[in-house]
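Secondary and tertiary structure notes
Listed below are the residues making up each chain.
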Amino acid sequence: MPVILAFAEDSIQLVPDGTMLLHIVIILLMVYLLNATLYKPINQILAAREKRTRGRMTEAQEITQNVTEKMNAYETSLRQARAESYSFAEGQRAEAMNDRQRRLNEMREELAASLAKEKGTIQEQAAAARVDLAADARRLAGEIGARVLKRPLGDANLN
């Protein structure tokens, strides 16, 4: 009799009957079919996509890490190259300064030697000029004295 009451349209069912069992079986069958045909393939696709995404993310992180390491290595080598070039340039500058100072000292020595030689030459010329001037002064003094006195002077009077 409960089966007959279950098919009554206007009645309210307070007691579960055979249709309830049929509904449960249909729901379980639908869950099984949907799981087998829809959910498992979608979950597999999503899992594969997640795996690829994680793999690509990991690959991207590795690439980023490699780029960072290479960038750091490049910057380190660039700093070393700059330091070497600065030290080389400083060495060249110091060498040039030493060479310049050496040539300057050589020129000063040559100039001092030339100056001493020229001073010696000038002193010799001055001494020769004094001797000539003294001789000319005596001669002129003799001539002036002879003209003033209107007579020739002897060599003894000039000293």
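Above this text you will find the structure in question.
Conventions and cut-offs
- Residues numbered from 1 in each chain as written.
- Predicted model: local features only at pLDDT ≥ 70, side-chain atom pairs only at ≥ 80, totals over all residues.
- Heavy atoms only, no water.
- Helix = DSSP H or I, 4+ residues; strand = E, 2+ residues; numbered from the N terminus.
- Buried < 20%, exposed > 50% of the residue type's maximum accessible area, 1.4 Å probe, protein only.
- Areas by Shrake-Rupley, 256 points an atom, 1.4 Å probe, with all protein chains shown as cover.
- Salt bridge = Lys/Arg side-chain N within 4 Å of Asp/Glu carboxyl O.
- Patch = residues over 30% accessible without salt bridge, like charges linked within 9 Å, V, L, I, M, F, W, Y side chains within 5 Å.

1. Quick word on the overall build of the protein
The helix and strand tally for the protein stands at 2 helices and 0 strands. Within the protein, buried positions represent 3% of all 159 residues. Of the roughly 14,600 Å² that the protein leaves accessible, carbon and sulfur atoms contribute 62%.

2. Focus: unusual backbone geometry
With a phi close to 60 degrees, Lys150 is a non-glycine residue in the positive phi region. Turning to its location among the elements, Lys150 is positioned in the segment after helix H2 (18-149). Judged by its relative accessible area of 73%, Lys150 falls in the exposed class.

3. Considering the pattern of salt bridges
Applying the stated criterion to the full structure yields 8 salt bridges. Residue Arg54 pairs with Glu50 through a salt bridge whose shortest N-O separation is 3.2 Å. Pair noted here: Arg54 and Glu50 are both in helix H2, with a separation of 4 residues, about one helical turn. Note that Glu90 and Arg93 form a salt bridge whose closest N and O atoms lie 2.6 Å from each other. With Glu90 and Arg93 both in helix H2 and 3 residues apart, this pair spans about one turn of that helix. Accessibility expressed as a relative area gives 42% for Glu90, which makes it partly exposed.

4. Overview of a nonpolar patch on the surface
A cluster of nonpolar residues, Leu22, Ile26, Met30, Leu34, Leu38, Tyr39, Ile42 and Leu46, forms a patch on the protein surface that exposes about 700 Å² of accessible area. The partly exposed category is assigned to Leu38, whose relative accessible area is 38%.

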